[in-house]
Amino acid sequence: MPHNTQQLEDFVTQVRRDILRQVHKVNSGHPGGSLGCAEFFTALYQEVMDYSTNFTMDGINEDLFFLSNGHISPVFYSVLARSGFFPVEELATFRHIDSRLQGHPTTHEGLPGIRVASGSLGQGMSVAIGAAEAKKLNKDSHIVYTLHGDGELQEGQNWEAILYAAGHKVDNLIATVDLNGQQIDGATEDVLPMGNVKDKFLAFGWEVIEIEKGNNIVEIIRGLKEAKALTGKGKPVCILLTTVMGNGVDFMMHTHAWHGKAPNDEQLATGLQQNPETLGDY
Amino acid sequence: MKKYTDSGKKDTRSGFGAGLEELGKTNENVVALCADLTGSLKMDAFKANHPERFFQVGIAEANMIGMAAGMTIGGKIPFTGTFANFSTGRVYDQIRQSVAYSGKNVKICASHAGLTLGEDGATHQILEDIGLMKMLPGMTVINTCDYNQTKAATIAIAEHDGPVYLRFGRPKVANFTPEDQKFEIGKALQLTEGKDVTIVATGHLVWEALLAAEELETQGISAEVIDIHTIKPLDDEAILKSVEKTGCIVTAEEHNFLGGLGESVSRVLAENKPTPQEFIATKDTFGESGTPAQLMEKYGLNANAIKTAAQKVIKRK
């Protein structure tokens, strides 16, 4: 660190390959949302967050990240491995028996980089608020980051957490919502319209940063830095990250069809062709 | 038979409050979270004396459990406080994923458990919580019997690394265990020695079991009363040792017989030494409004019911 834009984009391209290869091998997993957030994870772990790869659960004097929508584990695992938390070869064990890379992230198997299990939706923000409050008690000025799906905001627990974070001035929290407009059954607009998410967060008393080009690494870094500058001022910060589900693999883009479906051999070949190897496959 | 004396009726929830307040003074990592029931849970003293470590989350139990899980990341030992119903059934998935499966050191402290909640009725009288919590891998489940034991248990669970469900209640009940006791998780307490029948009780039913044993003694029946404050991990050895001698057993709890202490005991017996057993528990039913004494009488959860069950089980030997 710091990296130039080309290096970051090369990292993203490799992460896309990792995502496709992980889900293809076990013919299961969630490539769509993972691909949509490849740039976000890369920006967080390669450019923005302050952390040690010598992983400790407590993460004292480090920035923390919690993935609330745990089903996009393939992108999380790829970025953790390529950031040095565990060997990249282990990506080959994704969703296999006896693997630390469970279908959804867990602390249960001791995978470095994971601090709570997620998968059952809507729980991550509460956990992050608890970790943020612990940081305050510990006089630790680092930031707690989270990621949530937009469909995930349909879970009521989020709104308990959103209310608490503003009411109790949890201003060391940056919660990002992946606005890809899709969920399993279709467009969020059709399944359960979310209305104006920005107005909702503002009404609850949060700061809101919008990143409209949520698959542009430069824009993401700019937005994350802007969000970070707003911490410590009495309000939690929300980033609304507009992404394209399936980004970087043309036939997976702009559809919910690849939410939880793996590519076949031919589709994998096409996807990999569109994302040539940059850092070396595992 | 050894006799026990009630040193003056007190509520178990006040034992929790006293234990929590003591922890506040002795362990700076202990934090407390409450979902708008500070007075009911007797958390006022902790709140007053350690305001920076007290978190009022409002009527939002799911968020409270998640926050507690997050606070362990950073080395805190969170104690959550609300009624037993809202501590378990309402937030089961939050406990399952964010606490139990994630192996977080959260202490879920639950008051107003069971029928003795009284007049509020069945919406609040959870009789399924022990079952819900004991099924979670890694969860320790404790149901204390009086003020002194609840205070001692509260202090003890802070030293235990792992999730704990601590269950206690609302009414003032006999306070008969020693004030200076050391609470040992998973260790059953043999209160009386007997040879004819074993009575294994938990929570408010322990005192009732002692009263039943006194009655039985007048009829020439010698009952061995065991206080099982820890339902998980269960003290298998203490149970087996006792039934080896008595050959029959009564289990007593303020909980549904499906999923409760009785079933846990049955499993141990079935695997090791099949033994006649009678269940003092609610029988797959909801509660209702009434005074605690009326409810315990109507649903068969008092000394008289235990005595009758003991007489019955002895005949089945």
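These numbers were taken from a predicted model, which means no experiment stands behind them. (Residues numbered from 1 in each chain as written. Chains lettered and ligands numbered in written order. Predicted model: local features only at pLDDT ≥ 70, side-chain atom pairs only at ≥ 80, totals over all residues. Heavy atoms only, no water.)

**A few points about the interface of chain B and chain A**
Here is step 1 of the chain: Between chain B and chain A, the contact holds 27 residues from the first and 30 residues from the second.
Here is step 2 of the chain: Each partner contributes to the roughly 2200 Å² buried at the junction of chain B and chain A, and carbon and sulfur atoms together form 55% of this total.
Here is step 3 of the chain: When residues of chain B are sorted by the area they lose upon contact with chain A, I73, Q97 and Y101 of chain B head the list and together hold 29% of the total.
Here is step 4 of the chain: For the pair chain B and chain A, the interface holds 0 salt bridges.
Here is step 5 of the chain: Our count for the chain B to chain A interface comes out at 21 residue pairs in polar contact (both at pLDDT 80 or more).
Here is step 6 of the chain: When residues of the side of chain B that touches chain A are traced back to their parent elements, those giving at least two are β3 (54–56), α3 (61–71) and α5 (92–101) of chain B.
Here is step 7 of the chain: With 8 residues, the single largest contributor to the side of chain B that touches chain A is α3 of chain B.
Here is step 8 of the chain: Class assignment for the residues of the side of chain B that touches chain A results in 10 nonpolar, 11 polar and 6 charged. (Contact = heavy atoms within 4.5 Å. Buried area = accessible area lost by both parts, 1.4 Å probe. Salt bridge = Lys/Arg side-chain N within 4 Å of Asp/Glu carboxyl O. Polar contact = N/O pair within 3.5 Å; in protein donor to acceptor, adjacent residues only side chain to side chain. Helix = DSSP H or I, 4+ residues; strand = E, 2+ residues; numbered from the N terminus. Nonpolar A, V, L, I, M, F, W, Y, C, P; charged D, E, K, R; others polar.)

**Comments concerning the state of the cysteines**
Here is step 1 of the chain: With the rule as written, the count across this model stands at 0 disulfides over all chains.
Here is step 2 of the chain: Cysteine C37 of chain A shares no disulfide, and the gap to the nearest cysteine sulfur, in C238 of chain A, comes to 14 Å.
Here is step 3 of the chain: Judged by relative accessible area, which is 0%, C37 of chain A ranks as buried.
Here is step 4 of the chain: With no disulfide of its own, C109 of chain B lies closest to C34 of chain B among cysteine sulfurs, the gap being 11 Å.
Here is step 5 of the chain: Note on C109 of chain B: relative accessible area 0%, which makes it buried. (Disulfide = S-S within 2.5 Å. Buried < 20%, exposed > 50% of the residue type's maximum accessible area, 1.4 Å probe, protein only.)

**Remarks on the UniProt feature "domain: Transketolase N-terminal" (unreviewed entry) in chain A**
Here is step 1 of the chain: Per the UniProt record, "domain: Transketolase N-terminal" (unreviewed entry) is annotated on residues 12–269 of chain A.
Here is step 2 of the chain: Between the C-alpha atoms that bound residues 12–269 of chain A the distance is 18 Å, and the span itself is 38% helix and 12% strand. (UniProt positions renumbered as here; feature names shortened; annotations may be inferred.)

**With respect to the side chain of D146 of chain B**
Residues and elements named next belong to chain B.
Here is step 1 of the chain: Inspection of the secondary structure assignment puts D146 in the loop between β6 (140–143) and α7 (147–157).
Here is step 2 of the chain: Of the side chains bearing the opposite charge, K10 lies closest to the buried D146, which forms no salt bridge; the N-O distance is 9.8 Å.
Here is step 3 of the chain: Reaching out from D146, the side chain makes a polar contact with the backbone nitrogen of T177 at a distance of 2.7 Å.
Here is step 4 of the chain: Setting aside residues up to four positions removed in sequence, D146 forms contacts with T12, A174, N175, F176 and T177. (Lys, Arg positive; Asp, Glu negative; His and termini not counted.)

**Concerning the UniProt feature "domain: Transketolase-like pyrimidine-binding" (unreviewed entry) in chain B**
Here is step 1 of the chain: UniProt marks residues 10–175 of chain B with the feature "domain: Transketolase-like pyrimidine-binding" (unreviewed entry), using the numbering shown here.
Here is step 2 of the chain: Span residues 10–175 of chain B is 38% helix and 19% strand, its end C-alpha atoms 6 Å apart.

**Looking at the confidence of the model for chain B**
Here is step 1 of the chain: Of all residues in chain B, 100% have pLDDT values of 70 or greater, and the mean over the chain is 98.
Here is step 2 of the chain: Scored by ipTM, the complex comes to 0.97, with pTM at 0.97. (pLDDT = per-residue confidence, 0-100.)

**Topic: the pairing of strand β6 (residues 207–211) of chain A**
Every other side chain in a regular strand lies on the same face of the sheet, so the side chains alternate between the two faces.
Residues and elements named next belong to chain A.
Here is step 1 of the chain: Sheet topology places β6 next to strand β7 (residues 237–242); 5 bridges connect them, and they run parallel. Looking at the pairing, I209 lines up with I239 of β7.
Here is step 2 of the chain: Handedness of the crossover is the feature at issue here: the chain leaves β6, passes through helix α9 (residues 217–230), returns alongside β7, and the resulting connection is right-handed. (Pairing = 2+ DSSP bridges. Right-handed = clockwise from strand over helix to strand, strands pointing away.)

**Side note on the packing of helix α6 (residues 157–167) of chain A against helix α8 (residues 197–204) of chain A**
All names here are of chain A.
Here is step 1 of the chain: Look at α6 against α8: their axes get within 9 Å of each other, and the N-to-C directions meet at 45 degrees. By the angle between their directions, the pair α6 and α8 is classed as oblique. Where α6 abuts α8, its residues W159, I162, L163 and A166 lie against K200, F201 and F204.
Here is step 2 of the chain: Looking at the contact of α6 with α8, its residues break down into 6 nonpolar, no polar and 1 charged. (Axes fitted to C-alpha atoms, helices over the stretch in contact; angles between N-to-C directions. Parallel < 35°, antiparallel > 145°, perpendicular 65-115°, else oblique.)

**Some points on α5 of chain B**
Every α-helical turn comprises 3.6 residues, leaving residues that sit three or four positions apart pointing alike.
Here is step 1 of the chain: Regarding α5 of chain B, the residues found buried are Q94, I95, Q97, S98, V99 and A100 of chain B.
Here is step 2 of the chain: Residues of α5 of chain B that are buried in the fold lie against α5 (124–137) and α6 of chain A together with α3, α4 (84–87), β5 (107–111) and α6 (129–134) of chain B.
Here is step 3 of the chain: Trailing α5 of chain B by a residue or two, G103 of chain B shows a phi angle of about 60 degrees, which is positive.

**Some words on unusual backbone geometry**
Here is step 1 of the chain: Here the residue pair K232 of chain B and P233 of chain B is connected by a cis peptide bond, since its omega of -5 degrees sits within 30 degrees of zero.
Here is step 2 of the chain: In this fold, P233 of chain B is placed in the loop between β12 (230–232) and α9 (236–246).
Here is step 3 of the chain: Positive phi, normally seen in glycine, also occurs at R95 of chain A, with a value near 65 degrees.
Here is step 4 of the chain: Along the chain, the position of R95 of chain A falls in the loop between α4 (73–82) and α5.

**Section: the sheet that holds strand β4 (residues 77–83) of chain B**
Residues and elements named next belong to chain B.
Here is step 1 of the chain: With mixed pairing, 7 strands are arranged side by side in an open sheet as β3-β2-β4-β5-β7-β6-β12. In this open sheet, the two strands that pair with only one neighbour each are β3 and β12. Averaged over all adjacent pairs, the angle separating strand axes in this sheet is 20 degrees, with direction ignored.
Here is step 2 of the chain: When strand β2 (residues 30–34) meets β3, the two strands line up parallel, connected through 3 bridges. Residue pairing in the sheet places A32 in a bridge with F54 of β3.
Here is step 3 of the chain: Set on the sheet, α3 makes contact with β2, β3, β4 and β5; between it and β4 the angle comes to about 165 degrees.

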